[in-house]
Amino acid sequence: MSNSQLTPGVVPGRLPADAYAKNFGDHEPPLDMHEARVAADRCYFCHDAPCITACPTSIDIPLFIRQIATGTPEAAAKTILSQNILGGMCARVCPTETLCEEACVREAAEGKPVEIGRLQRYATDTVMAAGVHPFTRAAPTGRSVAVVGAGPAGLAAAHRLAMLGHDVVIYDARPKAGGLNEYGIAQYKAVGDFAQAEVEWLLKIGGITVKTGMALGQGITLAELQKAHDAVFLGMGLAGVNALRAAGEDLPGVRPAVDFIAELRQAKDKSALPIGRDVVVIGGGMTAVDAAVQSRLLGALNVTIVYRRGQEKMSASGYEQDHATSAGVRIICNASPVAVHPAGGALEVEFAYTVDGPDGLKPTGETFRLRADQVFKAIGQTLSGAPEGLELAGGKIAVTGAGRTSVPGIWAGGDCAAGGEDLTVTAVAEGRDAALDIHATLMAARS
Ligand SMILES: Cc1cc2nc3c(=O)[nH]c(=O)nc-3n(C[C@H](O)[C@H](O)[C@H](O)COP(=O)(O)OP(=O)(O)OC[C@H]3O[C@@H](n4cnc5c(N)ncnc54)[C@H](O)[C@@H]3O)c2cc1C
Ligand code: SF4
């Protein structure tokens, strides 16, 4: 007998074969030309547009929307990509509901913003589908820069440096470039092989060599990179995960949500991926929501997110929380994990109810248990493998200005650097700005 949602344990193929393509297909389908023109016509092309200020990469949103409205999506794409070279991915994954679209004057007036994200996708998809790379390199500077990490921060830094005429070598620990675009973002946000297609398109600028399977600290050292290159940019993200600090967290069946998501992203056939009937996700952010929703999409029957504080404190936005609940995920707040117990071939997670008062989080003394075939820990990532000798702040690499670390000649940006939100678009902005500062520094040293 084949498996169903009711099958106990952790098994593949809980859903009918055709359900997977639908479940992991485009979360928000792309706009066609007519729909894009109609959506663009809703923009007031505001002077001092608040949407620009709300965009971490400061894209000239009214300009690109006007370019779409006038039938020139290629020009619109260039406007976007000149500020944000990963504008295609950001159009898919940005929490626009808390950024540009939240700031849009039509959101304030009517509760329905201009669909900036979908319009951005329309424009960037147009140039990528045509195989056009709208930028060219400046004359060679003779300078070389090492970039550690091929995630959004590293790719944005590398592209800007290459455009300015520097030679760039990207070193990444993983087998594929893209960082969390490839291994973390929910599958239904960036369907198909979009992350790899975008990397290939970005590399068309030329002058960038990507060396995968090369981890800083394992075979290469910072001193070697400093010797071989004129500057180093660290965009190594957060490769470690926080521990639950609950008894039993090493039991089989308990694992980091990011590992589950990476496996899911790399699985060509989602129906072959085993998933529990009962899944418990511990955490309150985007990772928790993505792990929970994708567990449901794989066919898990009961998926529960448990967060230790009140719902208003969850770092997943209201939009993401609604997305989770509409996918059938249950959210329990004010409960903190105490222990994971073996329970007849499955697990039981014991939680303590909490109150979040002026003196911090306190257990109420009452506990409850949830049955789980799988437990995903989504309580945050940590910096791991950062080179010695760099000053840290709050567990991340301390930076000043445009990503300058405490060591001259070394810059950092994206999730591994202190300050800023851990978002794809923020990583792109920080990578780009560090690249401009590296360029200015290298050119000043030459003159
Ligand atoms: C599950 C999940 C879902 C997310 N969803 C969203 C979303 O929908 N929207 C959004 O805006 N943000 C989302 N984020 C956050 C976003 O993905 C990150 O903020 C962004 O990827 C950070 O980019 P980065 O380049 O700093 O780091 P990363 O994307 O983590 O890239 C770092 C790169 O460095 C490499 N590396 C690490 N250590 C070494 C080393 N020692 N040597 C060499 N290379 C190394 C890694 O292999 C990786 O390729 C999500 C994050 C997670 C975990
Ligand atoms: S705030 Fe809204 S209406 Fe105004 S320019 Fe931006 S997208 Fe257009």
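Being a predicted model, the structure only gives us computed values, none of them experimental. Every chain is numbered on its own, with residues counted from 1 as its sequence reads. Here every chain gets a letter starting at A, and every ligand a number starting at 1, in the order they are written. Reporting of local features is limited, given that this is a predicted model, to residues whose pLDDT is at least 70; pairs of side-chain atoms are given and counted only at 80 or more, and all residues count toward the totals for whole chains, interfaces and linings. Side-chain measures here rest on the full set of heavy atoms in the structure, leaving out hydrogens and waters.

A. Representation of the overall build of the chain. On a plain count of helices and strands, the chain comes out with 17 helices and 21 strands. The C-alpha radius of gyration computed for the chain amounts to 23 Å, which stays within 12% of the reference 22 Å derived for 447 residues, consistent with globular compactness. The principal-axis extents of the C-alpha atoms in the chain amount to approximately 70 × 55 × 50 Å. With a 1.4 Å probe rolled over the protein chains alone, any residue whose accessible area is under 20% of its type maximum counts as buried; one over 50% counts as exposed, and the rest are partly exposed. Burial status across the chain gives 52% buried among its 447 residues. Contacts: residue pairs with any heavy atoms within 4.5 Å of one another. Once local pairs closer than 6 in sequence are excluded, the contacts in the chain between residues at least 24 apart make up 70%. Exposure was quantified through the Shrake-Rupley algorithm and a 1.4 Å probe, taking into account, for residues, occlusion by the shown protein chains and nothing else. Of the accessible surface of the chain, which amounts to about 19100 Å², a share of 53% is contributed by carbon and sulfur atoms. Only DSSP runs of H or I with at least four residues qualify as helices, and only runs of E with at least two residues qualify as strands; both kinds are numbered from the N terminus onward. Atoms counted for the radius of gyration: C-alpha only. Globule rule: 2.2 Å times the number of residues to the power 0.38.

B. Fine view of the site of ligand 1. In the vicinity of ligand 1, 35 residues are found, and the nearest of them are Val93, Asp172, Lys189, Leu216 and Asp415. Contact between ligand 1 and Leu216: a nitrogen atom at 2.7 Å from a main-chain N or O atom of the residue. Contact with the protein chains covers 95% of the free accessible surface of ligand 1, which is 1000 Å². Of all elements in the fold, only α10 (152-163), β3 (167-172), β5 (215-216), α14 (257-266), α15 (286-297) and α17 (424-446) reach the threshold of two or more residues within the shell around ligand 1. Broken down by element, the shell around ligand 1 gets its largest block of residues, three residues, from α15. Gly counts as polar in this scheme, as do all residues outside two lists: the nonpolar Ala, Val, Leu, Ile, Met, Phe, Trp, Tyr, Cys and Pro, and the charged Asp, Glu, Lys and Arg. For the shell around ligand 1, the residue count by class is 19 nonpolar, 10 polar and six charged. There are two domains that each give the shell around ligand 1 at least three residues, and those are domain 1 (10-24 + 241-377) and domain 3 (144-239 + 383-446). In these notes, residues near a molecule or strand are those with any non-hydrogen atom within 4 Å of it. Pairs of N or O atoms within 3.5 Å make up the polar contacts considered here, provided that, within protein, one atom can donate a hydrogen while the other can accept it, and that residues adjacent in sequence are counted only when both atoms are side-chain atoms. For the purposes of this description, domain bounds are those given by an automatic or database domain assignment.

C. Local environment of α15. Residue count minus one, scaled by 1.5 Å, sets the expected span of a helix. In a regular helix each residue adds 1.5 Å, so 12 residues correspond to 16 Å; α15 covers 16 Å between its end C-alpha atoms and thus fits that length. The buried fraction of α15 is high, at nine of 12 residues. Turning to α15, its buried residues are Ala288, Val289, Asp290, Ala291, Ala292, Val293, Gln294, Ser295 and Leu297.

D. Region of interest: the packing of aromatic side chains. Centres within 6.5 Å make a pair out of two Phe, Tyr or Trp rings, where for Trp the six-membered ring is used; the pair is then stacked when the planes are under 30 degrees apart, edge-to-face when over 60, and tilted otherwise. In the structure shown here, the tally under the stated rule is three aromatic pairs. Arranged with centres 4.2 Å apart and planes meeting at 15°, the rings of Phe260 and Phe376 form a pair that is stacked. Taken together, the residues span a long stretch of sequence, with Phe260 in helix α14 and Phe376 in strand β17 (residues 374-377) at a distance of 116 residues. Classification of Phe376 by relative accessible area gives buried; the value is 0%. Here, a charge over a ring means that NZ of Lys or CZ of Arg falls within 6 Å of the ring centre while also lying within 35 degrees of the ring normal. One residue, Arg66, lies across the ring of Phe45, its end atom 4.1 Å from the ring centre. Positioned above the aromatic ring of Phe194 is the side chain of Arg92, whose terminal nitrogen or guanidinium carbon lies 3.7 Å from the ring centre.

E. Spotlight on the pattern of salt bridges. Put simply, a salt bridge is a Lys or Arg side-chain nitrogen that is within 4 Å of an Asp or Glu carboxyl oxygen. In this structure the tally under the stated criterion is 20 salt bridges. In this structure, Arg404 engages Asp437 in a salt bridge whose closest nitrogen and oxygen atoms are separated by 2.6 Å. Of this pair, Arg404 sits in the loop between β20 (396-397) and β21 (410-412) while Asp437 sits in helix α17, and the two are 33 residues apart along the sequence. A residue is classified by how much of its surface remains accessible, and Arg404, at 39% relative accessible area, is partly exposed. Here Asp437 falls in the buried class, since its relative accessible area comes to 15%. Three or more residues joined by partner-sharing salt bridges are found here, namely Asp26, Arg92, Arg121 and Asp125.

F. The arrangement of the site of ligand 2 in detail. Within the structure, ligand 2 sits among Cys43, Tyr44, Cys46, Ala49, Pro50, Cys51, Pro62, Cys104, Val105, Val114 and Ile116. Grouping the constituent residues of the shell around ligand 2 by class yields 11 nonpolar, no polar and no charged.

G. Expanded view of the sheet that holds strand β15 (residues 346-357). Strands are labelled as partners when DSSP assigns at least two bridges between them. The strand order across the open sheet formed by three strands is β14-β15-β16, and the pairing between neighbours is antiparallel. Edge positions in the sheet fall to β14 (335-343) and β16 (360-372), since each has one partner strand and no second. The mean angle between the axes of side-by-side strands here comes to 20°, regardless of whether they run parallel or antiparallel. Bridge count for β14 against β15 is eight bridges, and the pairing is antiparallel. Each residue of the ladder has a partner; that of Ala335, found in β15, is Tyr353. All axes are obtained by fitting lines to C-alpha atoms, using only the stretch in contact for helices, and the reported angles, taken between N-to-C directions, cover 0 to 180 degrees.

H. Spotlight on the sheet that holds strand β4 (residues 208-212). The five strands are arranged β4-β3-β2-β7-β21 in an open sheet whose pairing can be described as parallel. In this open sheet, the two edge strands, each paired with only one partner strand, are β4 and β21. Averaged over all adjacent pairs, the angle separating strand axes in this sheet is 20°, with direction ignored. Across five bridges, β3 lies against β4 in parallel orientation. The residue bridging Val169 from the neighbouring strand is Thr209, located in β4. Lying over the sheet, α17 contacts β2 (144-148), β7 (231-234) and β21, oriented at roughly 170° with respect to β7.

I. Layout of the side chain of His229. For His229, the location among the structural elements is in the loop between α13 (222-228) and β7. Side chain to side chain, His229 and Ser144 meet in a polar contact 2.6 Å long. Setting aside anything within four residues of it in sequence, one finds His229 in contact with Ser144, Val145, Ala146, Val169 and Tyr171.

J. Region of interest: the nonpolar core. For the purposes of this section, nonpolar cores are sets of buried Ala, Val, Leu, Ile, Met, Phe, Trp, Tyr and Cys residues that join through side-chain atoms within 4.5 Å. In this structure, Ile61, Phe64, Ile65, Ile68 and Leu119 are the most contacted members of the largest nonpolar core, which totals 68 residues. Element by element, the count of residues in this core is highest for α17, at eight residues. Counting contributing residues, this core receives three or more from each of domain 2 (33-129) and domain 3 (144-239 + 383-446). Residue contacts for Leu119: discarding those within four places in its chain leaves Leu31, Ala36, Ala39, Ala40, Phe64, Ile65, Ile68 and Val114.

K. Focus on unusual backbone geometry. Residue Asp48 is not a glycine yet carries a positive backbone phi of 50°. The backbone phi angle of Ser58 is positive, close to 50°, even though this residue is not glycine. Along the polypeptide, Ser58 turns up in the loop between α3 (50-54) and α4 (61-69). The exposure class assigned to Ser58 is partly exposed, which follows from its relative accessible area of 38%.

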